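Geometric and topological summary
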Amino acid sequence: MRQVIIIGSGPAGFTAAIYAARANLKPLLVASTVEVGGELMNTTEVENFPGFPDGIQGPDLMAKMQQQAERFGTEVLYDDVVSLDVDGTVKKVTLGSGAAHEASTIIYATGSAYRKLGVEGEERLSGYGVSWCATCDGFFFREKTIAVVGGGDSAMEEATFLTRFASKVYVIHRKDTLRASKIMQERAFANEKIEFIWNTEVEEVLGGDSVNGVRLRSTTDGSTRELALDGLFIAIGNDPRTHLVHGKLELTSEGTIWVDGRSSRTSVPGVFAAGDVIDPTYRQAATAAGSGVVAALDAEHFLADLEDASVEVPAAEAAEIIAR
Ligand code: NDP
């Protein structure tokens, strides 16, 4: 049986692994089969992670975190968790391969998933002009006309990045002000390939085999119109990935996993959570990394308390025997 199993391979998971491995807990980290490294694998330049004054590419940062975790003895498994049994003192993690692993503690750091618009044509044309990842798919839109939906930092980052390829990038936003940080807004406003379409929602993605446009609806007067496009990038935020723990761990009203104050302790003893899956607000690589530290330290203390308790039982029994 393991002492710690970490689920998730983003900054929270790998940072928890670095700390747990350095505490000699020999963690097993389940990294998934699809998105090892988490969301930063879809990012280009990361300019705000401390320690990299010239910036670093997202995938490079994640590779370094993994190297650092493995250097201290983390075992990384490229598999998906399909079910979790968190009742009792022995936690069980079952993987897609059929293998099952047991541990005294679990650190749950599964991050969040791209949010969908939920409109007609979105699902059908996913991969055929509809994308959630500019870094992955931007290259396919050389000299094309595309649009990005959203008004946050992701949308600004994607739109700015996509101007490297596309001849024209619309940003479609449902309000008349952006949620994005000032620096990201200014960068997008200054880019002459970017045009903002304000107070507008996408009502339908149009196209047969691939995207050829969208039907837009004004959020002010409800009027609709069509806009010809070769591609649509959706950057409207993320939802915490909690499907494995529904009914097992308490969630907040925002859908993140509930944790006790500033700790990583969930509603189930021995299960700790870290990163975007507990954070509806900040959701930065650096905050996720910090949150991974908290989880590893909490798990370490929990394990130390378990050990103390197991030592204390015989001592208590001995005292009872002496009293008799
Ligand atoms: P946000 O939640 O910040 O923004 C989502 C945007 O999408 C909002 O403008 C929102 O509109 C809009 N939106 C949400 N749902 C819909 C919908 N159904 N239809 C149309 N529009 C919708 O998410 P982000 O992914 O942009 O950012 C998440 C976090 O990650 C933030 O903390 C951000 O700062 C950070 N981040 C930082 C980056 C960096 O610093 N380099 C890069 C990318 C992200 P509305 O405003 O009306 O709510």
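Residues numbered from 1 in each chain as written. Predicted model: local features only at pLDDT ≥ 70, side-chain atom pairs only at ≥ 80, totals over all residues. Heavy atoms only, no water.

1. What about the overall build of the protein chain?
Counting secondary structure elements, the protein chain contains six helices and 19 strands. Across its three principal axes, the protein chain shows a C-alpha extent of roughly 90 × 40 × 35 Å. Among the 324 residues that make up the protein chain, the fraction classed as buried is 46%. In the protein chain, 60% of the contacts between residues at least 6 apart in sequence involve partners at least 24 apart. Here the protein chain contributes 29 positively and 46 negatively charged side chains, and the mean placements of these two sets differ by 3 Å. (Helix = DSSP H or I, 4+ residues; strand = E, 2+ residues; numbered from the N terminus. Buried < 20%, exposed > 50% of the residue type's maximum accessible area, 1.4 Å probe, protein only. Contact = heavy atoms within 4.5 Å. Lys, Arg positive; Asp, Glu negative; His and termini not counted. Charge placed at Lys NZ, Arg CZ, Asp CG, Glu CD.)

2. Quick notes on the packing of helix H4 (residues 153-162) against helix H5 (residues 182-190)
Between H4 and H5, whose axes approach to 9 Å, the crossing angle comes to 35 degrees. In this structure, H4 crosses over H5, and the sense of that crossing is left-handed. Mapping the contact onto sequence places Asp153, Met156, Glu157 and Thr160 in H4 and Met184, Gln185, Arg187 and Ala188 in H5. Across the contact of H4 with H5, the residue classes break down as three nonpolar, two polar and three charged. (Axes fitted to C-alpha atoms, helices over the stretch in contact; angles between N-to-C directions. Left-handed = near helix turned anticlockwise from the far one by under 90°. Nonpolar A, V, L, I, M, F, W, Y, C, P; charged D, E, K, R; others polar.)

3. Observations regarding the site of the ligand
Looking at the ligand, there are 21 residues lining it, with Asp153, Ser154, Arg174, Lys175 and Arg179 nearest. In this structure, an oxygen atom belonging to the ligand sits 2.8 Å away from a side-chain N or O atom of Lys175. Within the side chain of Arg179, an N or O atom sits 2.5 Å from an oxygen atom of the ligand. Look at the ligand: alone it shows 910 Å² of surface, and the protein chains cover 80% of it. (Near = heavy atom within 4 Å. Polar contact = N/O pair within 3.5 Å; in protein donor to acceptor, adjacent residues only side chain to side chain. Areas by Shrake-Rupley, 256 points an atom, 1.4 Å probe, with all protein chains shown as cover.)

4. Some thoughts on helix H2 (residues 58-71)
Counting along an α-helix, one turn takes 3.6 residues, and residues three or four places apart therefore face a common direction. The end-to-end C-alpha distance of H2 is 20 Å, a good match for the 20 Å that 14 residues give at a rise of 1.5 Å each. For H2, the complete set of buried residues consists of Gly58, Leu61, Met62, Met65, Gln66 and Ala69. An end-on view of H2 places all buried positions within 135 degrees of arc, on one side of the element. Exposed and oriented more than 90 degrees from the buried face of H2 are Gln67 and Arg71. Against helix H1 (11-22), strand S3 (45-46), strand S4 (56-57) and strand S5 (75-77) lie the buried residues of H2. (Expected span 1.5 Å × (residues − 1). Arc of directions from axis to C-beta.)

5. What about the side chain of Ser112?
Among the structural elements, Ser112 can be located in strand S9 (residues 112-114). On the basis of relative accessible area, Ser112 is assigned to the buried category, the value being 7%. At 3.4 Å, the side chain of Ser112 forms a polar contact with the side chain of Asp276. Ignoring sequence-local partners within four residues, the contact set of Ser112 consists of Glu39, Asn238, Asp239, Pro240, Arg241, Asp276 and Arg283.

6. Thoughts on the packing of H1 against H2
At their nearest, the axes of H1 and H2 sit 8 Å apart, and the two run at 20 degrees to each other. Taken together, the axis directions place H1 and H2 in an arrangement best described as roughly parallel. Our pair here, H1 against H2, has a crossing hand that is left-handed. Residue-level inspection shows Pro11, Phe14, Thr15, Ala17, Ile18 and Ala21 of H1 in contact with H2, the latter providing Met62, Met65, Gln66, Gln68 and Ala69. Its residues placed into classes, the contact of H1 with H2 shows eight nonpolar, three polar and no charged. (Parallel < 35°, antiparallel > 145°, perpendicular 65-115°, else oblique.)

7. A few points about the sheet that holds strand S12 (residues 168-172)
With parallel pairing, five strands are arranged side by side in an open sheet as S10-S17-S11-S12-S13. The strands lining the two open edges of the sheet, one partner per strand, are strand S10 (130-131) and strand S13 (194-197). Note: strand S11 (residues 145-149) against S12, five bridges, orientation parallel. Counted as the bridge partner of Val148 is Val171 from S12. Packing of H4 onto the sheet brings it into contact with S11, S12, S13 and strand S17 (231-234), and relative to S11 it is tilted by some 165 degrees. (Pairing = 2+ DSSP bridges.)

8. What to know about unusual backbone geometry
Even without being a glycine, Glu143 presents a positive backbone phi close to 60 degrees. Relative to the helices and strands, Glu143 is located in the loop between helix H3 (134-137) and S11. For Asn199, which is not glycine, the phi torsion reads 50 degrees and is therefore positive. Examined against the element boundaries, Asn199 turns out to sit in the loop between S13 and strand S14 (200-206).

9. Structural notes on the domain arrangement of the protein chain
The domains assigned to the protein chain are domain 1 (2-114 + 238-323) and domain 2 (130-234). Each of domain 1 and domain 2 has a C-alpha centre, and the two are 35 Å apart. If you sort the residues of domain 1 by the area they bury against domain 2, Asn42, Thr44 and Tyr114 come out on top, with a joint share of 70%. Between the two partners, domain 1 and domain 2, sit one salt bridge. Glu47 is the salt-bridge partner of Arg187, the closest N and O atoms lying 3.6 Å from each other. At the junction of domain 1 with domain 2, the criterion picks out zero residue pairs in polar contact (both at pLDDT 80 or more). Class assignment of the residues belonging to the side of domain 1 that touches domain 2 gives a composition of one nonpolar, three polar and two charged. (Domains from an automatic or database assignment. Buried area = accessible area lost by both parts, 1.4 Å probe. Salt bridge = Lys/Arg side-chain N within 4 Å of Asp/Glu carboxyl O.)

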